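Observations on the three-dimensional arrangement
These are the residues of each chain, in order.
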Amino acid sequence: MKIVDLSIRRPVTVFIFSVAAVVFGIVAFRNLAVNLLPDISYPSLTVRTTYEGTAPVEVESLLTRPIENSVGVVNNVVRVTSSSRADVSEVTLEFAWNTNMDFAALDVRDRLDRVRLPMDAELPVLLKYDPSLDPILRIGLYGSDDLGRMRFLGEEDIKRALERIEGVAAVVVSGGLEEEIQVELDERKLAALGLSIGQVAARLADENVNITGGTLRDGQTEYLVRTLNEFVRPEDMRSIVVQRTGDAIVRLSDVARVYTGHKEREIITRIDGEESVELAIYKEGGTNTVTVSDAVRERLESLGAELERINPNLRMDVITDQARYIRQAVREVLETALFGGLLAILVLYLFLRSVKKTLIISVSIPVSVIATFFLMYVSNISLNIMSLGGLTLGVGLLVDNAIVVLEAVQRKRDEGLDETEAARVGTSEVGRAITASTMTTICVFVPIVFVEGVAAQLFRDQALTVAFSL
């Protein structure tokens, strides 16, 4: 075979190519992403809409159905599912595999702009992650008795800083005290004055607005006129006139007590028995969990220093981190593959009874494995238990081929040929058989790449890794 003759006549060239393959493989290995499993990301988008104070029936009729009818006709949509709960509507769109989700998101946003929803409902939010999935990180903020202040820091400072990190889809804050202005109406005074709760609420809604008043021109200068009347403090609300009868004026402070309070708590989080504020980090679909986790942890270090300047008692700890379990699982698989390779070398030595032959096979194993890392990097395959399993399987087949070639060369040596001629003749005799056997194995795994769905995403990395290593 020509490849055998070339390898024998140009040993320096072969050695240089082997060194180059090892160097490229080592560089690629350092840049490979680490995952527990291959990226099994469903092509889906979730539309979440909030309408405070509505029951599930109203949410379904006013929000869910109009949104479903509008976005359900987007190209490549396979299935539409929805969930209507009190105050919240969620519509999940499942797309065909291999759909470009960036363009799909643009189409969905275009459709949402045409939907007519109630005025009091918040604008629909398009999420690139499944809200039912667990967050990759949970962070606890604790160490202060002022729960309202901790909640404010979590929402205004920490949340905004973490959401700017590439790969972070959303940061959900829970726990603590969420500040709000509360209005406690005196029902007796309202009844005596002939006022209803609805009238007071309508007056508050009418006053709590910013209105554009047009433009003013002064020569070539144009000024925008606005009326700023949004409530900021309780004092801004107490002087509001809720009823005027002749010269008699009834203000809000006459029939209600207005003060700064906090929303009714539905979730209480504690760390070591101490109340805290929790921040749940969700990653974008298709991003690497370990990479996002490392970026978040790096940002938390600088945020921790800033919090210490604000309040030395404040502490921020990572409660759970999926990346830790991923690293542990991948490390265990790597260690298992390493021990398996060493055990294979030991068994070979016991059967071959030759240090030289054992060393030849021992060198071929790491060179093949390290070179495979470069092909994995080019094909955007991460280090996960499936790809490492394929790599281990490829190593086993590689050892089989090495033993067959080595035995053929040794047989020719026993017949009296010198080392060079024995290597050429012996390898040429079994070369076609080994090539056929290897190609047969590759033909079994490679077609998995063309399968669609979850099976393709799960076994694609393993199939390609086996093919690359062989």
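Sequence order sets the numbering: in each chain, residues are counted from 1 along the sequence as written. At least 70 in pLDDT is required for a residue's local features to be given in this predicted model, at least 80 for side-chain atom pairs to be given and counted, and no such filter applies to totals for whole chains, interfaces and linings, which use all residues. The side-chain values count all of the structure's non-hydrogen atoms but skip hydrogen atoms and water molecules.

This part is about the overall build of the protein chain. Of the regular secondary structure elements, the protein chain holds 15 helices and 15 strands. The globule rule puts the C-alpha radius of gyration for 470 residues at 23 Å, and the 34 Å found for the protein chain is more than 25% above it. Summarising its shape, the C-alpha atoms of the protein chain cover approximately 125 × 55 × 55 Å along the three principal directions. Going through the 470 residues of the protein chain one by one, you find that 35% of them count as buried. Residue contacts are counted whenever heavy atoms from the two residues lie within 4.5 Å of one another. Partitioning the contacts of the protein chain with sequence separation of at least 6, the portion at a separation of at least 24 is 72%. Values of accessible area rely on a 1.4 Å probe in the Shrake-Rupley scheme; residue burial ignores everything except the protein chains shown. Entry remark: accessible area of the protein chain is about 28,100 Å², with carbon and sulfur atoms responsible for 54%. We count Lys and Arg on the positive side and Asp and Glu on the negative side, and we leave His and both chain ends out. Think of each charge as sitting on NZ of Lys, CZ of Arg, CG of Asp or CD of Glu. A distance of 6 Å separates the average location of the 49 positive side-chain charges in the protein chain from that of its 65 negative side-chain charges. Working definition: helices are DSSP H or I runs of at least four residues, strands are E runs of at least two. Numbering for both runs from the N terminus. All radius of gyration figures rest on C-alpha atoms, and the globule criterion is 2.2 Å times the number of residues raised to 0.38. A simple rule labels every residue: compare its accessible area, found with a 1.4 Å probe on the protein chains alone, to the largest value its type can have, and call it buried under 20%, exposed over 50%, or partly exposed in between.

One side-chain nitrogen of Lys or Arg within 4 Å of one carboxyl oxygen of Asp or Glu is enough to make a salt bridge. By the definition in use, this model includes 20 salt bridges. The partner of Arg 411 in a salt bridge is Glu 429, and the shortest N-O contact between them spans 3.2 Å. Within this pair, whereas Arg 411 is found in helix 13 (residues 385-414), its partner Glu 429 is found in helix 14 (residues 419-445), the two being separated by 18 residues in sequence. For Arg 411, a relative accessible area of 37% translates into the label partly exposed. Residue classification places Glu 429 among the partly exposed positions, given a relative accessible area of 42%. A single salt-bridge network, built from bridges that share partners, covers Arg 151, Glu 155, Glu 178 and Lys 263.

With that out of the way, let us pick up the packing of helix 11 (residues 322-352) against helix 13. For helices, the fitted line uses only the C-alpha atoms of the stretch in contact; every axis is such a line through C-alpha atoms, and the angle between N-to-C directions lies from 0 to 180 degrees. Between helix 11 and helix 13, the shortest axis-to-axis distance is 10 Å and the interhelical angle comes to 10°. By the criterion of interaxial angle, the relationship of helix 11 to helix 13 is roughly parallel. As for the relative orientation of helix 11 and helix 13, their crossing is right-handed in sense. On the side of helix 11, the interface is formed by Val 330, Val 333, Leu 334, Ala 337, Leu 348 and Leu 352, while helix 13 contributes Ile 385, Leu 388, Thr 392, Val 399, Ile 403 and Leu 406. Asp, Glu, Lys and Arg are counted as charged, while Ala, Val, Leu, Ile, Met, Phe, Trp, Tyr, Cys and Pro are counted as nonpolar; the rest, among them Gly, fall into the polar class. In the contact of helix 11 with helix 13, the residues fall into eleven nonpolar, one polar and no charged. Small angles under 35 degrees read as roughly parallel and large ones over 145 as roughly antiparallel, with 65 to 115 read as roughly perpendicular and the rest as oblique. Handedness of a helix crossing follows the sense of rotation of the near helix relative to the far helix, less than a right angle counterclockwise being left-handed and clockwise being right-handed.

At Asp 87, a residue that is not glycine, the phi angle is positive and equals roughly 80°. With respect to the secondary-structure elements, Asp 87 resides in the loop between strand 2 (77-85) and strand 3 (88-95). A positive phi angle, close to 60°, is found at Asn 380, a residue other than glycine. Inspection of the secondary structure assignment puts Asn 380 in the loop between helix 12 (355-378) and helix 13. Residue Asn 380 is classed as exposed on the basis of its relative accessible area of 69%.

Two strands pair under a simple rule: DSSP has to find at least two bridges between them. Taking strand neighbours across the sheet as the criterion, the four strands line up as 2-3-1-4 in an open arrangement whose pairing is antiparallel. Single-partner strands in this sheet number two, and they are strand 2 and strand 4 (125-127). On average, each strand axis in the sheet is tilted by 20° relative to the strand beside it, whichever way the strands run. Summarising the sheet, strand 1 (residues 44-50) and strand 3 pair through seven bridges and their orientation is antiparallel.

In this structure, the largest pocket encloses a volume near 2,000 Å³. Every residue lining the largest pocket is counted, 40 residues in all, and those nearest its centre are Ser 7, Val 14, Ile 360, Val 405 and Thr 427. Taken together, the elements giving at least two residues each to the lining of the largest pocket come down to helix 1 (2-9), helix 2 (11-31), helix 12, helix 13, helix 14 and helix 15 (454-469). A per-element tally of the lining of the largest pocket places helix 12 first, with eleven residues. A breakdown of the residues in the lining of the largest pocket according to their chemical character gives 23 nonpolar, 13 polar and four charged. Throughout, the protein atoms alone are placed on a 1 Å grid, and a set of points is a cavity if a 1.4 Å probe fits but cannot get out or a pocket if it is open with protein on both sides within 12 Å along at least five of seven lines; lining residues have an atom within 4 Å of a point. Grid points are joined across faces, edges and corners, and a volume is the space filled by probe spheres set on the points.

Turning next to the side chain of Ser 89. Within the secondary structure layout, Ser 89 lies in strand 3. Owing to a relative accessible area of 0%, Ser 89 belongs among the buried residues under this scheme. N or O atoms closer than or at 3.5 Å make up a polar contact, with two conditions inside protein: a donor-capable atom paired with an acceptor-capable one, and, for residues adjacent in sequence, both atoms drawn from side chains. Within the structure, the side chain of Ser 89 is placed 2.8 Å from the side chain of Thr 64, a separation counted as a polar contact. Once you skip the residues sitting within four places of it in the chain, Ser 89 turns out to touch Val 47, Arg 48, Thr 49, Val 59, Leu 63, Thr 64 and Ser 83.

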